[in-house]
Structures are given as C-alpha cells and as structure tokens.
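Analysis of the macromolecular model
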Amino acid sequence: MEQEFKWSTPDIGAFMDILAAYHMPEKPGTVCMDARYYDTPDGMVKQMHGGLRLRTEGTQSVCCLKLSASSAFGGALKAREEFECEAPDIQSGLHLLPQQTKAPADVCCALLDAGLVELGRTTFTRHAVLLTADGCTAELSFDHGELIRGGRRAPISEMELEFKSGSVPAFEALGNHLQETFSLTPEPLSKLVRLMRL
C-alpha cells in the first residue's frame with residue numbers, strides 16, 4: 001500500500017526549510033526521472049481508478065501499477081495499492097508484476113490482452129531525503145519538471161511525503177504537522193490526472 005502526502009509548491013524553498021528544521025545533515029539525493037503512462041484503448045486502467053507507468057529512475061527502469069478503490073482524494077493524503085518491479089518495457093513489467101509483487105494476475109493479463117497505448121509522459125528531477133521522526137520513517141521529496149501530452153506541456157513543482165516504515169498514525173500526524181507548520185498547499189491530483197487534463 002502506497003501512502004503519501006502531496007503538496008503543490010512554487011519552488012524548492014519549503015523543502016529546504018523542512019530539512020533545516022529537522023537538522024538533516026546530508027545533501028538530498030537527486031535523480032532524473034522520465035515516466036511514460038499507459039492505458040488500453042477503452043480506458044481499462046482509468047476504469048479501475050489506477051495508473052500504469054514505466055519510469056526510468058537514473059539508470060533503472062521500473063514498471064508500476066497503482067490501483068485505488070476510488071478516483072477521488074479530498075486533500076494531500078492519498079492511499080493506493082502499488083505494485084512495482086524492474087522491467088525493460090511495459091509489457092515485460094506486466095508479465096513480471098504478478099510473480100514478483102503479487103499484483104492481481106487477472107488484471108495484468110487483461111491489460112496485456114487488450115493492448116496498450118501511451119497516454120503521455122512526465123520528465124522531472126527529484127530531490128529526496130529519508131526523514132525519521134516521531135515513530136515513522138518517510139521519504140520527503142521535491143519534484144520539478146514537466147507534464148507532456150500531445151505537444152502540450154505543463155510544469156511540475158510539488159513536494160511529497162511517502163510512508164516507508166513505522167507507525168501509520170505517526171506518519172499521518174507528521175504529514176499534517178508539516179502541512180500546518182510550513183503552510184503547505186494540498187495537491188489532490190496525481191501527476192497522471194493532471195497529465196490527462198492537458
């Protein structure tokens with residue numbers, strides 16, 4: 001289960017302010033990412049409130065399938081089933097996901113049988129650190145780059161706090177604390193949803 005807070009932010013300033021407040025000694029890790037999103041011609045992934053992507057993270061290529069009980073999130077906090085594995089292409093990834101991550105095999109097979117089309121892509125740089133506080137560990141990241149679809153482009157400038165381990169209530173408390181303390185603006189829409197609105 002993926003659980004994360006997502007906030008819209010104009011620049012890296014709030015991210016650096018949080019690092020300073022938590023006395024983070026190390027420099028944030030930086031990785032360039034390029035993600036391509038897919039669906040079937042009849043929108044099977046969308047109908048499952050999901051997302052399917054192949055993302056290059058530095059030199060690593062990762063297939064990711066996200067599924068949700070609902071398409072709507074009211075604020076910064078989101079929770080979805082997430083399955084991911086290394087794969088050279090999206091078809092190979094769908095073959096590997098059930099074996100390596102216990103992703104639903106019937107869903108993966110149905111997507112492969114129906115055929116896939118590329119919806120668009122995101123390209124961005126991620127700055128990230130692991131933040132440990134109050135009984136949980138989470139990745140705090142700042143992404144800046146672009147959404148690209150059919151020749152149309154829009155900027156990406158957002159911060160995420162993704163749960164990694166420890167207490168889920170502590171993680172939710174941490175996210176709410178950061179939002180209130182640093183006056184962060186919730187971003188209820190995923191990159192994919194914003195991409196599809198271009």
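Remember, predicted model here, so these are calculated numbers, not experimental data.

**Things to note about the packing of aromatic side chains**
Given two aromatic rings, their pairing is described by the distance between the two centres and the angle made by the two planes. Within this structure, the stated rule accounts for three aromatic pairs. Arranged with centres 5.4 Å apart and planes meeting at 65°, the rings of Phe163 and Phe171 form a pair that is edge-to-face. Judged by relative accessible area, which is 17%, Phe163 ranks as buried. Under the relative-accessibility criterion, Phe171 is labelled buried at 0%. Among the aromatic residues, those joined into a cluster by ring pairs are Phe5, Trp7, Phe163 and Phe171. Seen from the ring of Phe124, Lys191 lies directly overhead, with NZ or CZ sitting 4.8 Å from the centre.

**Concerning the pairing of strand E7 (residues 136-149)**
In the sheet, strand E6 (residues 117-133) pairs with E7 via 13 bridges, with the strands oriented antiparallel. Following the sheet pairing, Ala133 is matched in E7 by Cys136. Hairpin connection of E6 to E7: two residues between the antiparallel strands, including Asp134 at a positive phi of 55°. Looking at chain direction, E7 and strand E8 (residues 152-166) are connected through 14 bridges and run antiparallel. Across the sheet, the residue bridging to Arg149 is Arg152, located in E8. Hairpin connection between E7 and E8: a loop of two residues separates the two successive antiparallel strands, and Gly150 in this loop has a positive phi of roughly 55°.

**Section: helix H4 (residues 105-114)**
If you check which residues of H4 are buried, you get Val107, Cys108 and Leu111. Each buried residue of H4 sits inside an arc of 100° when the element is viewed along its axis, so together they form one side. Away from its buried face, by an angle of more than 90 degrees, H4 presents the exposed residues Asp106 and Asp113. Note on H4: the residue one or two positions beyond its end, Gly115, has a positive phi of about 85°.

**Notes on helix H5 (residues 168-181)**
With 14 residues, H5 should cover 20 Å at 1.5 Å per step; its first-to-last C-alpha distance of 20 Å lies within 8% of that length. Here H5 has its buried residues at Ala170, Phe171, Leu174, Gly175 and Leu178. All buried residues of H5 fall inside an arc of 140° around its axis, so they share one side. For H5, the exposed residues set more than 90 degrees away from the buried face come down to Pro169 and Glu180. Lining the buried residues of H5 we find strand E1 (2-8), helix H1 (13-21), strand E5 (77-86), E6, E7 and E8. Taking the backbone nitrogen of Ala170 as reference, a side-chain oxygen 3.1 Å away marks Ser167 as the first, capping residue of H5. Ser183 sits one or two positions beyond H5 and adopts a positive phi of about 50°.

**Some details on the nonpolar core**
Judged by nonpolar contacts, the single largest core of 23 residues is most densely connected at Trp7, Leu140, Met159 and Leu161. Where this core is concerned, the elements lending two or more residues are E1, H1, E6, E7, E8 and H5. In this structure Leu161 touches Gln3, Glu4, Phe5, Trp7, Leu131, Ala138, Glu139, Leu140, Phe171, Leu174, Gly175 and Leu178, once residues within four positions along its chain are discounted. Of all hydrophobic cores here, the second largest spans 18 residues; its members include Val45, Leu67, Cys85 and Ala87.

Quick notes on the rules
Residues numbered from 1 in each chain as written. Predicted model: local features only at pLDDT ≥ 70, side-chain atom pairs only at ≥ 80, totals over all residues. Heavy atoms only, no water. Phe/Tyr/Trp six-rings, centres within 6.5 Å; stacked < 30°, edge-to-face > 60°. Buried < 20%, exposed > 50% of the residue type's maximum accessible area, 1.4 Å probe, protein only. Lys NZ or Arg CZ within 6 Å of the ring centre and 35° of its normal. Pairing = 2+ DSSP bridges. Helix = DSSP H or I, 4+ residues; strand = E, 2+ residues; numbered from the N terminus. Arc of directions from axis to C-beta. Expected span 1.5 Å × (residues − 1). Contact = heavy atoms within 4.5 Å. Polar contact = N/O pair within 3.5 Å; in protein donor to acceptor, adjacent residues only side chain to side chain. Core = buried A, V, L, I, M, F, W, Y, C linked by side-chain atoms within 4.5 Å.

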